[in-house]
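As a plain string of letters, each chain reads:
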Amino acid sequence: MASAIGLIRVMSQKEVVDEQRKADSQSMDGEDAQFPADLSGLAGYIRKCWDEAHQHKQKDLQRFIEARYARQGIYTPAKLREIMTTGGSTEYARIVANKARILEAWLKDIFLNQEERPWTIEATPQPDLPADKISEVRKEVSAQVAAMVVAGKNLSDVDVLGLLNDRIDMERSKLKDIAESRAQRMADLIADQLAEGGFPDAFSEFISHFVTYPGAILKGPIFRKRETMTWSVVDGTYVPEIKSDIVMEFEAVDPFNIYPAPGAATPQEGYIIEHLTLTANDLYNLIDVDGYDEAAIRVILARMQTRGSYRWIDHWQTSNGQEANDPTVMATAEYSNFVDVLEFHGPVSGALLREWGVKGIDGDEQRFYEATVWLIDDQVIKAVLNDDPMGRRPYYKACYEPIPGYFWGYSMYDTLSDIQGVCNAAIRSLVNNMAIASGPQVVVNVDRLPAGEDITSLHPWKIWQVNDSQFGNNSLRPVDFFQPTTNVQDLLTVLDRFYALADDFSLIPRYMAGSDRVSGPARTASGLSMLLDAANKGIKSVVQTIDSHIMTPLLQQLFTHNMIYSDDENIKGDSKVVARGVASLMQLETLRMRRNEFLQITANPIDSQIVGIEGRAAILREIAKTLGMDVNKIVPPNKVAGLQTEPQQNPMQAPAPSNEALPNAPGTPTMDVASPSAISSVGV
């Protein structure tokens, strides 16, 4: 801008950028001023919850940022500035990154790289007989007892009770077989849903978060409308056909984007808010989708057209208000065409939901309902009731080291931060000392060198020109050399000692990654086996945490969904979810060895008669299954292999009921042991 005396202000590029950012900030502040500072209704309630959760997370946010830098093996900007003030090396020891990589590989091998599933659906051990079935059994046993009495057999109450219990046990065995078959079908359906919903990729990313941050979040099942391409035949030609279907998906949520309620220890307590970032196209595609408000969506789209990016949430601020300066995440703030969304899951009063227009609210407006609400600035674009019968939210959380009563636990970096810091200091000192002690230091008496002498050039057979000392002491050499002391061995000792402490603190020793730098008991096969078994106890604890906090509740939610909404009645039954990551997969190698040993031990004529051909075929099937082979091709089913035995007649099969009257000699009492009422009085 020209001044009054005709001078033009000249600014650097940095000043131009700063001025532009300041102008943009003032423009946005002026635009936001038209929105109510104090939101009311449902939007005000969600914003209030967001302010509480956002403020509550600030004290943990720095731990998340430091954990990310440690996993990347680089210093935080603040620490790097401190190092640069003294100069020297900026090497990083990467202890946390190495331990996290080892644990990540183990967990992925346990949960994702095995032929057997790390979970199963099991039928209950003792299925309950329906009342009508018990009544039917009593009638059948009554007819059987009547026929036996006609045949001249005298039966006591104990005999009748034994017949009845045997018959009921038989029916329960049949029900158990049916229940196990249905449980297997349910397990197959859930496995198919997990595979088609992207669970393997989501769980792989979840494990990466789990070994890096103070907590990891898995979300699902999420029902989304997706376009899929199918092929149909028209006039003998395959033609692509695009269809829109509702699909079930799973995803790992960035822990930075999760904000639990203050005081909540799990995602099911209080409320939980997820920070989403959508494009304008994503937002537009929500129009005409059930549960979304078209008018509110169009208000936000109109605002985005006037100012581009609508990023009003800056969750990369530390507790003191300074930017985290993370180049891997801050770059997204420069992109346009994005909008911030708050996805709220938690209790909302009936009055607020009814005011917004949510259906299904009864007359009591003071009652709180489990709801899902999407908020963009001051606009609620979605508000629906949670359709899960138990009100469960689709979020599951696990921590590397849980803290009782607290949402976020300790990460690998939190456990090893002190050791990581000491090793970083030692390795920087080591590199600096190696550089200084790599050659001799030179002392030059500049008073004895002629003017213009190049003291930085050293080479063999160099000729030095010197002057007489002005103090008359010509015995002092004008150029002298000395070798700095090297402390490499002492620093290596420090590194080795703290590397060993890192093994102890993390319960992930170096030999678990295949390192041959072992000593003591680990130098022998039996000693190494004992040490691996001890180390597995720490891994088992981690796996148990994932089993109980992730796999079990997720599978239970899928089980409930299928029981309610599936049209296939053959998958429904009295079953339960069992996550067996620790129980079986940690012992998979041992089981393989024991099965092979059992197969060899029973390979003799006597044991073969006991086990039989069918039993040996069952053992071979289990061994082939764990080796990833096609079981049906290696060991065919019994019917195909000709091993099916002829069905034997059930000795408890009741004969046809007789219409003959019970013999009743004159003067002799009649035992009513054959009537259903008498059997009923005996009991089950």
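Quantities reported herein were computed from a predicted structural model and do not represent experimental measurements. Residue numbering note: each chain is counted from 1, following its sequence as written. Thresholds applied to this predicted model are a pLDDT of at least 70 for local features of residues and 80 or more for the giving and counting of side-chain atom pairs; totals over whole chains, interfaces and linings are not thresholded and use all residues. The side-chain numbers reported here are obtained from all heavy atoms of the structure, hydrogens and water having been left aside.

Moving on to the overall build of the protein chain. Summing up its helical and strand segments, the protein chain has 19 helices and twelve strands in all. For the protein chain, buried positions account for 39% of its 684 residues. Summarising the internal contacts of the protein chain: among those between residues at least 6 apart in sequence, 73% fall at separations of at least 24. Where accessible areas are quoted, they stem from the Shrake-Rupley method and a 1.4 Å probe; at the residue level, only the protein chains shown are allowed to cover. Total accessible area on the protein chain stands at roughly 38900 Å², and carbon and sulfur atoms take up 53% of it. Every helix listed is a DSSP run of H or I at least four residues long, and every strand listed is a run of E at least two residues long, numbered separately from the N terminus. Burial classes follow relative accessibility: with a 1.4 Å probe on protein chains only, a residue under 20% of its type's maximum area counts as buried, one over 50% as exposed, and anything between as partly exposed. A contact between two residues is defined here by any heavy atoms of the two lying within 4.5 Å.

This part takes up the pairing of strand β9 (residues 395-398). Both faces of β9 are covered, namely the face carrying Tyr395 and Lys397 and the face carrying Tyr396 and Ala398. Two strands qualify as a pair provided that DSSP identifies no fewer than 2 bridges between them. Sheet topology note: the strand β2 (residues 216-234)/β9 ladder contains four bridges and is antiparallel. In the sheet register, Ala216 faces β9, and the bridge partner there is Ala398.

The antiparallel open sheet is built from five strands, whose spatial order is β4-β5-β6-β7-β8. At either end of the open sheet lies a strand with only one pairing partner, and these are β4 (258-260) and β8 (379-385). Adjacent strand axes in the sheet meet at a mean angle of 25 degrees when their direction is disregarded. This element, helix α2 (residues 41-72), spans β4, β5 (272-279), β6 (338-349), β7 (368-376) and β8 of the sheet and lies at about 100 degrees to β6. Here, axes are lines fitted to C-alpha atoms. For helices the fit covers the stretch in contact, and angles between N-to-C directions go from 0 to 180 degrees.

Here a Phe, Tyr or Trp ring, Trp counted by its six-membered ring, pairs with any other such ring whose centre lies within 6.5 Å, and the pair is stacked when the planes are under 30 degrees apart, edge-to-face when over 60, and tilted otherwise. In this structure the tally under the stated criterion is 15 aromatic pairs. Taken together, a centroid distance of 6.1 Å and an interplanar angle of 35 degrees make the contact between Phe206 and Phe210 tilted. Of this pair, Phe206 and Phe210 are both found in helix α7 (residues 199-210), four residues apart, which corresponds to roughly one turn of the helix. Neither residue differs from the other here; Phe206 and Phe210 are each classed as buried. Taken together through their ring pairs, the aromatic side chains of Phe111, Phe199, Phe203, Phe206, Phe210 and Phe250 make up a single cluster. Whether a charge sits over a ring comes down to the Lys NZ or Arg CZ being within 6 Å of the ring centre and within 35 degrees of the ring normal. If you follow Lys57 out to its NZ or CZ, it ends over the ring of Tyr259, 4.6 Å from the centre.

Right, let's get into a nonpolar patch on the surface. What makes a patch is a set of residues exposed beyond 30% relative accessible area and free of salt bridges, joined within 9 Å when like-charged and within 5 Å when nonpolar (Val, Leu, Ile, Met, Phe, Trp, Tyr). Think of a salt bridge as a Lys or Arg side-chain nitrogen and an Asp or Glu carboxyl oxygen that are within 4 Å of each other. On the surface, Met229, Trp231, Val233, Tyr238 and Ile242 cluster together into a nonpolar patch covering about 620 Å² of accessible area. At the level of elements, β2 and β3 (237-253) are the ones that each hand at least two residues to the nonpolar patch. The element best represented in the nonpolar patch is β2, accounting for three residues.

With that out of the way, let us pick up unusual backbone geometry. Working note: non-glycine residues mostly have negative phi, and peptide bonds are mostly trans. Between Gly220 and Pro221 the backbone carries a cis peptide bond, its omega angle lying at -5 degrees. Tracing the backbone shows Pro221 in strand β2. At Asp235, a residue that is not glycine, the phi angle is positive and equals roughly 55 degrees. Position of Asp235 relative to the elements: it lies in the loop between β2 and β3.

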